[in-house]
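# Commentary on secondary and tertiary structure
Listed here are the chains, written in short residue letters.
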Amino acid sequence: MDDNWEPVFDIDATGLPAVPPGISREAHIAQMDWEKLTAEARQCTACELCATRTQVVFGVGNRQAEWLVIGEAPGADEDRQGEPFVGRAGQLLNPMLLAIGLQREHVYIANILKCRPPENREPAPAEAMKCRPFLERQITLIQPRIILAVGRIAAQNLLETNTPIGKLRGRVHHFGPARIPLVVTYHPAYLLRSPREKRKAWDDLRLARRTLAAESPDPTRRPVDS
Ligand code: URA
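Now for a description of the structure that goes with this document. (Residues numbered from 1 in each chain as written. Predicted model: local features only at pLDDT ≥ 70, side-chain atom pairs only at ≥ 80, totals over all residues. Heavy atoms only, no water.)

## Brief notes about the environment of Glu119
What counts, and what does not: In this description a helix means any DSSP run of H or I spanning at least four residues, a strand means any run of E spanning at least two, and both kinds are numbered starting from the N terminus.
As for its position among the elements, Glu119 is in the loop between β3 (108-111) and α5 (125-142). Placed 43 residues apart in sequence, Glu119 and Ala76 show a C-alpha to C-alpha distance of 8.5 Å.

Dropping the structure here:
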């Protein structure tokens, strides 16, 4: 057989391969490379947010990052620019990362949802569920050494719990079968409204940095994707 053989899937109306028969959407997404995953996400119509988005906000940063930062969902600025955390919250997230020695380009940044909920309402559970396979595949491809969940929505979705954020922060959780260490902190938008909580966020960031430092480094990683 030809080494380059690939199964030919049905082509849907967008010109992209549809989910092949006999395989779930989740399983289909779970075997995609970056190129296919990006294309699939950009043409996603799995929930109604596709009708109101300007564009899909896939994620940004170093695909070999040790740090993966996960927020809630794109806001108006992110929806316009196609990149997570570029609005006011992002302007606080960047110095928060720098405070622990991380430049924005060195980490990978994504959200629970890839499309903006109208009026910045909270993600509906069904929307988060439809979007989850994309995020899970990103996590598998990146293989981060630590996940920083920013805000209640990110923390509760990733940890599949309703526990209040105040009880989730301050300790190390683990995500998925690879048991990736996960630290929860407050969302920068909340910190803009409640600046006195910045001290706790600083404690969380230091906890995350300590957690990573306690593990043995991976010598195969490059600091920035090239
Ligand atoms: N808030 C988020 O949670 N994510 C963004 O990308 C922007 C604001």
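## Some remarks on the nonpolar core
Heads up, the condition is: In this text, buried Ala, Val, Leu, Ile, Met, Phe, Trp, Tyr and Cys residues form a nonpolar core when linked through side-chain atoms within 4.5 Å. Whether a residue is buried, partly exposed or exposed follows from its accessible area with a 1.4 Å probe, protein chains only, as a fraction of its type maximum: under 20%, in between, or over 50%, in that order. Between two residues, a contact is recorded if the distance between any of their heavy atoms is within 4.5 Å.
Residues Ile70, Ile147 and Leu158 are the most contacted members of the largest nonpolar core, which totals 58 residues. Of all the elements, α5 adds the most residues to this core, at six residues. Leaving out residues up to four positions away in the same chain, Ile147 has contacts with Leu68, Ile70, Ile139, Leu158, Phe175, Ile180, Pro181, Leu182 and Val183.

## Examining the side chain of Arg169
Within the secondary structure, Arg169 is located in the loop between α7 (165-168) and β5 (172-175). Excluding its chain neighbours within four sequence positions, the residues that come into contact with Arg169 are Val184, Tyr186, Lys200, Asp203 and Asp204.

## So, the site of the ligand
Selection rule: Only a single heavy atom is needed: when it lies within 4 Å of a molecule or strand, its residue is near that molecule or strand. Polar contacts, as counted here, are pairs of nitrogen or oxygen atoms within 3.5 Å of one another; within protein the pair requires one atom able to donate a hydrogen and one able to accept it, and residues that are adjacent in sequence qualify only if both atoms are side-chain atoms. Each accessible area value is a Shrake-Rupley result obtained with a 1.4 Å probe; residue values ignore everything except the protein chains displayed when judging cover.
The local shell around the ligand consists of Gly71, Glu72, Ala73, Glu78, Pro84, Phe85, Asn111 and His187. Here an oxygen atom of the ligand and a side-chain polar atom of His187 are 2.8 Å apart. Within the complex, 91% of the 240 Å² of free accessible area of the ligand lies under protein.

## Focus on unusual backbone geometry
Of note in this structure, Asn120 is not a glycine but carries a positive phi near 55°. Its place among the elements puts Asn120 in the loop between β3 and α5. Even without being a glycine, Gln143 presents a positive backbone phi close to 50°. Examined against the element boundaries, Gln143 turns out to sit in the loop between α5 and β4 (146-150).

## Some details on the packing of aromatic side chains
The condition is simple: Stacked, tilted and edge-to-face are the three classes applied to pairs of Phe, Tyr and Trp rings, where Trp contributes its six-membered ring and a pair requires centres within 6.5 Å; stacked means planes under 30 degrees apart, edge-to-face means over 60, and tilted covers the rest. Our definition puts a charge over a ring when NZ of Lys or CZ of Arg is within 6 Å of the ring centre and also within 35 degrees of the ring normal.
What the rule picks out here adds up to three aromatic pairs. When the ring of Trp34 is compared with that of Phe58, the centres are 6.2 Å apart and the planes differ by 75°; the resulting orientation is edge-to-face. You can see Trp34 sitting in helix α2 (residues 34-42) and its partner Phe58 sitting in the loop between α2 and β1 (60-61), a full 24 residues away along the chain. As far as burial versus exposure is concerned, Trp34 and Phe58 are alike and both buried. Relative to Tyr190, the ring of Tyr186 has its centre 5.0 Å away and its plane inclined at 40°; by these criteria the two rings are tilted. Using a relative accessible area of 8% as the deciding quantity, one classes Tyr186 as buried. Every member of this aromatic cluster is reached through a ring pair, and the members are Trp34, Phe58 and Tyr108. It is Lys114 that lies over the ring of Phe58; its NZ or CZ is 5.4 Å from the centre.

## Here's the deal with the side chain of Lys114
The test is simple: Two residue types count as positive, namely Lys and Arg, and two as negative, namely Asp and Glu; His and chain ends fall outside the count. Counted as salt bridges are all cases of a side-chain nitrogen of Lys or Arg within 4 Å of a carboxyl oxygen of Asp or Glu.
For Lys114, the position within the fold is in the loop between β3 and α5. An unpaired buried charge is present at Lys114: no salt bridge exists, and Glu136, the closest side chain of opposite charge, is 12 Å distant. At 3.1 Å, the side chain of Lys114 and the backbone oxygen of Phe58 are in polar contact. For Lys114, the contacting residues outside a window of four places in its chain are Ala41, Gln55, Val56, Val57, Phe58, Pro74, Cys131, Phe134 and Gln138.

## Structural notes on the pairing of strand β2 (residues 67-71)
Note the threshold: When DSSP finds two or more bridges between a pair of strands, those strands are recorded as paired.
Where burial is concerned, most of β2 is hidden: five out of the five residues are buried. Because side chains alternate across β2, one face comprises the buried residues Trp67, Val69 and Gly71, and the other comprises Leu68 and Ile70, equally buried. In the sheet, β2 pairs with β4 via four bridges, with the strands oriented parallel. Each bridged residue has a counterpart across the sheet, and for Trp67 the counterpart in β4 is Ile146.

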